[in-house]
Amino acid sequence: MIELRNVSYTYPHTVQPALHRITLTLPKGRCIMVTGPSGAGKTSLCLAASGILHHEFGGKKEGTVIVGNKDVAEYKSLSDLAQNVGVVFDDPEAQMIFTTVEEEILSALEHRGLPAAVVEERLAEIIRTTYLGDLKDRSPHNLSGGQKQRVALAATLALGNDILILDEPTSELDEHATKRIAEILAGLKDQGKTLLLIEHKFRQFRDMVDTLVVMEDGAITATGSPDDVLNDDRIRGMVVPDFSMVATAKPSGEAVDRRCEPVIAVRQLSHSYGPVQALRDVNLEIRKSEFVAIVGENGSGKTTLVKHFNRLLSPTSGDILINGKNTKDCSIATLARDVGLVFQNPDHMFFADTVREEIAFGLKNLGIGNGDAVIETVLRDAGLSGSAELYPRWLSRGERQRLAIACVVAMQPGIIVLDEPTTGLDGYEALLVIDILKKLQAKGHTIIIITHNREIAEHCADRVIKMENGYIVADTGGA
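Everything numeric here is computed off the predicted structure, so don't read it as measured data. (Residues numbered from 1 in each chain as written. Predicted model: local features only at pLDDT ≥ 70, side-chain atom pairs only at ≥ 80, totals over all residues. Heavy atoms only, no water.)

**Regarding the environment of C407**
You can see C407 is positioned in helix 15 (residues 397-410). C407 sits 123 residues away from L284 along the chain, and the two C-alpha atoms are 27 Å apart. (Helix = DSSP H or I, 4+ residues; strand = E, 2+ residues; numbered from the N terminus.)

Right under this line is the structure:
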C-alpha cells in the first residue's frame, strides 16, 4: 500500500511546484492509472510515491508519503525501499547493465539472497510470465522497444516487490507490444500485485483500471472509477480523443493527381545494419499533398525507411528520388530544402537558448530571408505566439513537439516527415498537432507520419502504408 498525504514538491532552482497538495491512496491489489497533459506532474508523482524524491532529490518537500505502513523518511535508503516498491521507467534501457536478458533477471534474484534452487525456479517463472523465453540469451540493448520494456519489467519482478510503479511503459510501443504489456500487468494484478500506472493509452488498459486519476498543473483534478471520471466531456476529450473530428479529406476536396510525377520515389530499396536486414526491396511512390501514415510493429523498418528521404541513411542497394533528384547525388543540407524530419523525441532537435534562436538557426543555414516574419508566422501557426523568448526546454512536451514542427516548417520543405508526433501527448495536444499537419497539407505540403496510433491512421491520413519485417505489406492508396 502507498499513501500520499497533502504532498507538495518544488524542484531545485524552480519556483512553480511540480506537485501541489497531492492526496492519493493506492490500496493493495488494485490498479490506479494516472493520466493528464505533458508537464502535469505525473512523473514527479511516480518519484514521490516510490520514495525517490525524498532520498535522491533536493528541493522543497511538504506532506507525507507512506509505503508499506512506513514513512519513506524512515527507510535508510532506496535499496530498503526497493524491497517494497519496484519502478519501471519510460526509458527501459537506462535500467539495463548486463550482457544478456537472463543476467539482468538473475542479478535481481541473487540480490535477494535466495537459495540456488529457488532462484532457478523464480527465474523460469518470471521468464515465462514476461514471454522472454526466446530472448533470454540475447543482449537487452539489441532488442526492440517492446522487448526492452518486458526485460525491465522482468528484472523489477525479480526483486519480489508487491507494489509496482510504471511510468509510461508503452509510450514508444506498437499496438501488439502494448497489448502484451497490458496482458502481463493484468496477470500481475490477478496475482495480488498493486499497480500505479502512468499512461496515455487508456483504451488498452481500461479493463484492469480500478481508479482513474487525472493530473493537471501538478494537481489532481479528477479521480474515481473510469466511467465516473469520463462522464466529464472535457476530461474525456483529454483521455480518449476522437480523431474522427479531424477531417480526412483535403479542404480543397481535390483528390491527389496520380498522373503527376511523385515527390518521393523509392526503387528497390534495401538497407542493412551489419547482418540485420532492415529493408528489403521496397518500392514506393508518394505524391504532392498526400497525407500518408506509415504503420507497423516496432522493428518493421518504418524509421529506417523515412531516414532515407533526407539521407540520414544511405541505401545498401536501390535508389530514392526526391523531386526527381537521386539522394545519392545530394547532400543532407541540400535535401533539407525538400524534406524536413521531426524526430520522435523533439528534445533531440533543440540546442539554442530561446525558441526564436532555435527556429532562426535553420533559416540562417539555408539562407532564407525575412527571418523575423517567418518566425512569427510559424509560431502563430503552431500555437506558440508569445513563446519566442522562452528557453525551449521550459515548454511542455506538447509545446516542444509543436516547436519541432515549427522549426521544420520555417525551412519551407515541401515534404514533412514526422516520427510518432503524438507520443506522450494527451488527447487535446495530439488533436492540435494533427490539426496543424492537416492545415499544412491544405497549403500543399506532403505529410508523412510514422504512428502506432490506429485511430490517427484510420481517421486522419488519406493513405496508410503498413510495414512488416522490412517489407511494405499493405498500401491503401498506392498507384
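**Some words on the packing of helix 13 (residues 355-366) against helix 15**
Relative to each other, helix 13 and helix 15 sit at 30 degrees, their axes nearing to 8 Å. Considering their axes alone, helix 13 and helix 15 lie roughly parallel with respect to each other. The two elements helix 13 and helix 15 meet at a crossing, and its hand is right-handed. Only L403, A406, C407 and A410 of helix 15 make contact with helix 13, whose side of the interface consists of V355, E358, I359 and L363. (Axes fitted to C-alpha atoms, helices over the stretch in contact; angles between N-to-C directions. Parallel < 35°, antiparallel > 145°, perpendicular 65-115°, else oblique. Left-handed = near helix turned anticlockwise from the far one by under 90°. Contact = heavy atoms within 4.5 Å.)

**A few points about the sheet that holds strand 11 (residues 264-273)**
In space, the four strands of this open sheet follow the order 12-11-14-15, with antiparallel pairing throughout. Looking along the sheet, the strands with just one partner apiece sit at the ends: strand 12 (276-286) and strand 15 (325-326). As paired elements, strand 11 and strand 12 share seven bridges and run antiparallel to each other. Residue pairing in the sheet places S272 in a bridge with Q277 of strand 12. (Pairing = 2+ DSSP bridges.)

**As for the pattern of salt bridges**
Scanning all chains against the criterion turns up 23 salt bridges. Between D210 and R30 there is a salt bridge, and its shortest N-O distance comes to 3.7 Å. Of the two residues, D210 is situated in the loop between helix 8 (202-205) and strand 9 (211-216) and R30 in the loop between strand 2 (19-26) and strand 3 (31-35); the sequence distance between them amounts to 180 residues. A salt bridge links D210 to K189; the shortest N-O distance between them is 2.9 Å. One end of the pair, D210, is in the loop between helix 8 and strand 9; the other, K189, is in helix 7 (residues 175-190), and 21 residues separate them in sequence. The buried category is assigned to K189, whose relative accessible area is 17%. (Salt bridge = Lys/Arg side-chain N within 4 Å of Asp/Glu carboxyl O. Buried < 20%, exposed > 50% of the residue type's maximum accessible area, 1.4 Å probe, protein only.)

**Observations regarding the nonpolar core**
Membership of the largest hydrophobic core comes to 47 residues, with the highest contact counts inside it found for I359, I405 and L437. Counting residues per element, the ones that place at least two in this core are strand 13 (291-295), helix 13, helix 14 (371-381), helix 15, strand 17 (415-419), helix 16 (427-442), strand 18 (446-450) and helix 17 (454-460). With eight residues, helix 15 is the largest single contributor of residues to this core. Beyond its immediate stretch of four places on either side in the chain, L437 contacts F291, I405, L418, I447 and I449. Counting 46 residues, the second largest nonpolar core, distinct from the first, contains L164, A177, F202 and V229. (Core = buried A, V, L, I, M, F, W, Y, C linked by side-chain atoms within 4.5 Å.)

**Quick word on helix 4 (residues 101-111)**
Within helix 4 the residues assigned to the buried category are V101, E104, I105, L106, A108 and L109. Turning to helix 4, the residues buried within the fold contact helix 5 (116-129) and helix 6 (145-158).

**A short note on the environment of G29**
For G29, the location among the structural elements is in the loop between strand 2 and strand 3. Along the chain, G29 and K189 lie 160 residues apart, while their C-alpha atoms are 6.2 Å from each other. Excluding residues within four positions of it along the chain, G29 makes contact with K189, G192, K193 and T194.

**Here's the deal with the side chain of R402**
The topology assignment puts R402 in helix 15. Buried charged residue R402 carries no salt bridge. Nearest counter-charge: E399, at 4.8 Å. In terms of polar contacts, R402 uses its side chain to reach the backbone carbonyl oxygen of G383, at 3.2 Å. With sequence-adjacent residues up to four places away left out, R402 is seen in contact with A382, G383, L384, L432, V433 and I436. (Lys, Arg positive; Asp, Glu negative; His and termini not counted. Polar contact = N/O pair within 3.5 Å; in protein donor to acceptor, adjacent residues only side chain to side chain.)

**Quick notes on the packing of aromatic side chains**
As enumerated under the stated definition, the model contains three aromatic pairs in all. Judged by centre distance (4.7 Å) and plane angle (85 degrees), the rings of Y9 and Y11 are edge-to-face. Ring centres 6.0 Å apart and planes at 70 degrees place the aromatic pair Y11 and F57 in the edge-to-face group. With Y11 in the loop between strand 1 (2-10) and strand 2 and F57 in the loop between helix 2 (52-56) and strand 4 (60-67), the pair connects residues that are 46 residues apart, well separated along the chain. Residue F57 is classed as partly exposed on the basis of its relative accessible area, which comes to 32%. Taken together, Y9, Y11 and F57 form an aromatic cluster joined through their ring pairs. The aromatic ring of Y75 is capped on one face by K70, whose charged end is 4.6 Å from the ring centroid. Sitting over the ring of Y131, R180 keeps its end group 4.2 Å from the ring centre. (Phe/Tyr/Trp six-rings, centres within 6.5 Å; stacked < 30°, edge-to-face > 60°. Lys NZ or Arg CZ within 6 Å of the ring centre and 35° of its normal.)

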